[in-house]
Amino acid sequence: MEEQGWTISHILLTHSHFDHVGGLAELKELTGAPIYAHPDAGPMLARATAAAALWGIHVDAPPPADHPLAEGDVLAIGELRPVVLFTPGHAPGHVCFHLPQDGVVFDGDVLFQGSIGRTDLPGGDYELLMSSIRDKLLPLPDETVVLSGHGRTFTDVQAHIDANRTLVHKRLATVERELAAHGPMTAFAAVPLVFPGLMNQQSANWLLSETLAFLRHLEMTGRATREIFDGEPEAWSIA
Ligand SMILES: [Zn+2]
Ligand SMILES: [Zn+2]
């Protein structure tokens, strides 16, 4: 930054998961820049060190935000005028920063290329995330470049959602097929069949909750039945 002659005047948080606030204490100390975040993100920000410790990662205790953000706020950063979009669902107080003149949105962990943000962490809410996507991101022009918190950038949110829906249907069909061939099956047993080769220590929880969601969906739509054997984890069979 120094070499380029740039200065950091604002620190904007999309949300306060520890993987987004790891360097916050140091960054604020080095730059003296104020931190902007939605008030609902405050409690999780205060717990970031403890949350990271659960994953065996050290995060210096982040300072609290200096300025509250709200839906529709327009910030003035040099020539940039980011508009705040309130997009909860992945984490409490999640916001996106939309730069309409530049055709860019910083979307945090709401949408990624090929998937949506996870909602199984504390404060996550799937329905809320879907309404944030529908009400706040889908209306943006198709050519908007989405800079997400993880992975590659992409455009055309609608096509992206359609692709994601197709992927979900494909996975549902896989679960249905595996149940028919090998049921009754627990969610844990189904994970490696639905997500071959993807299971590892980091992904296990997430893949398990995705698989569980597929099984429950098949159950709710009458395509699978849930069985509970005494003292055993619940298992699903094809209906
Ligand atoms: Zn996150
Ligand atoms: Zn993240």
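Only a predicted model underlies this, so the values are computations on that prediction, with no experimental measurement involved.

1. Some words on the overall build of the protein
Along its length, the protein carries eight helices and 12 strands. With the principal axes as the frame, the protein shows a C-alpha extent of 60 × 40 × 30 Å. Burial statistics for the protein: of 239 residues in total, 30% are counted as buried. For the protein, contacts bridging at least 24 residues in sequence account for 54% of all contacts bridging at least 6.

2. Side note on the packing of helix α6 (residues 157-182) against helix α7 (residues 187-194)
Running from N to C, α6 and α7 point in directions that differ by 120 degrees, and their axes come no closer than 10 Å. Relative to α7, the element α6 lies oblique. The interaxial crossing formed by α6 with α7 has right-handed handedness. Seen from α6, the contacting residues are R171, T174, V175 and E178; seen from α7, they are A190, L193 and V194. Residue composition of the contact of α6 with α7, by class: four nonpolar, one polar and two charged.

3. Digging into the domain arrangement of the protein
Parsing the protein into structural domains produces domain 1 (11-155) and domain 2 (161-238). Put simply, the middle of domain 1 and the middle of domain 2, counted by C-alpha atoms, are 30 Å apart. Listed per partner, the contact involves five residues of domain 1 and five residues of domain 2.

4. Comments concerning the sheet that holds strand β2 (residues 35-37)
Strand pairing in a sheet is mediated by backbone hydrogen bonds. Such pairs are either parallel or antiparallel. Taken in spatial order, the three strands of this open sheet run β1-β2-β3, and their pairing is parallel. In this open sheet, the two strands that pair with only one neighbour each are β1 (11-12) and β3 (67-68). Sheet analysis places β1 next to β2, joined by two bridges and oriented parallel. Its bridge partner being in β2, I11 is matched across the sheet by I35.

5. Structural notes on the packing of α7 against helix α8 (residues 204-220)
The N-to-C vectors of α7 and α8 enclose an angle of 100 degrees; their axes lie 9 Å apart at closest approach. With respect to α8, the axis of α7 lies roughly perpendicular. Of the residues in α8, those in contact with A187, F188, A190, V191 and V194 of α7 are L207, L208, T211, L212, F214 and L215. Its residues assigned to classes, the contact of α7 with α8 shows 10 nonpolar, one polar and no charged.

6. Side note on the nonpolar core
Residues L13, Y36, A37, L45 and L111 are the most contacted members of the largest nonpolar core, which totals 29 residues. Secondary structure elements with two or more residues in this core: β1, α1 (18-21), β2, α3 (42-46), β5 (95-99) and α5 (126-137). Grouped together as the second largest cluster of nonpolar side chains are 14 residues, M185, A190, F214 and A224 included.

7. Concerning the sheet that holds strand β6 (residues 104-108)
Read from one edge to the other, the open sheet built from four strands follows the order β4-β5-β6-β9, with strand pairing classed as mixed. Edge positions in the sheet fall to β4 (83-86) and β9 (145-148), since each of these pairs with one other strand and no more. Shown here is a sheet whose adjacent strand axes are inclined to one another by a mean of 25 degrees, direction ignored. Sheet topology note: the β5/β6 ladder contains three bridges and is antiparallel. When the bridges of β6 are listed, F97 appears paired with F106.

8. Points about unusual backbone geometry
With an omega of -5 degrees, the peptide bond between G183 and P184 qualifies as cis. By the element assignment, P184 lies in the loop between α6 and β10 (185-186). For D156, which is not a glycine, the phi torsion comes out positive at approximately 60 degrees. One can find D156 in the loop between β9 and α6. A tally of 16 C-beta atoms within 10 Å means that D156 is categorised as partly exposed.

What counts as what
- Residues numbered from 1 in each chain as written.
- Chains lettered and ligands numbered in written order.
- Predicted model: local features only at pLDDT ≥ 70, side-chain atom pairs only at ≥ 80, totals over all residues.
- Helix = DSSP H or I, 4+ residues; strand = E, 2+ residues; numbered from the N terminus.
- Buried ≥ 20, exposed ≤ 12 C-beta atoms within 10 Å, placed from the backbone.
- Contact = placed C-beta atoms within 7 Å.
- Axes fitted to C-alpha atoms, helices over the stretch in contact; angles between N-to-C directions.
- Parallel < 35°, antiparallel > 145°, perpendicular 65-115°, else oblique.
- Left-handed = near helix turned anticlockwise from the far one by under 90°.
- Nonpolar A, V, L, I, M, F, W, Y, C, P; charged D, E, K, R; others polar.
- Domains from an automatic or database assignment.
- Pairing = 2+ DSSP bridges.
- Core = buried A, V, L, I, M, F, W, Y, C linked by C-beta atoms within 7 Å.

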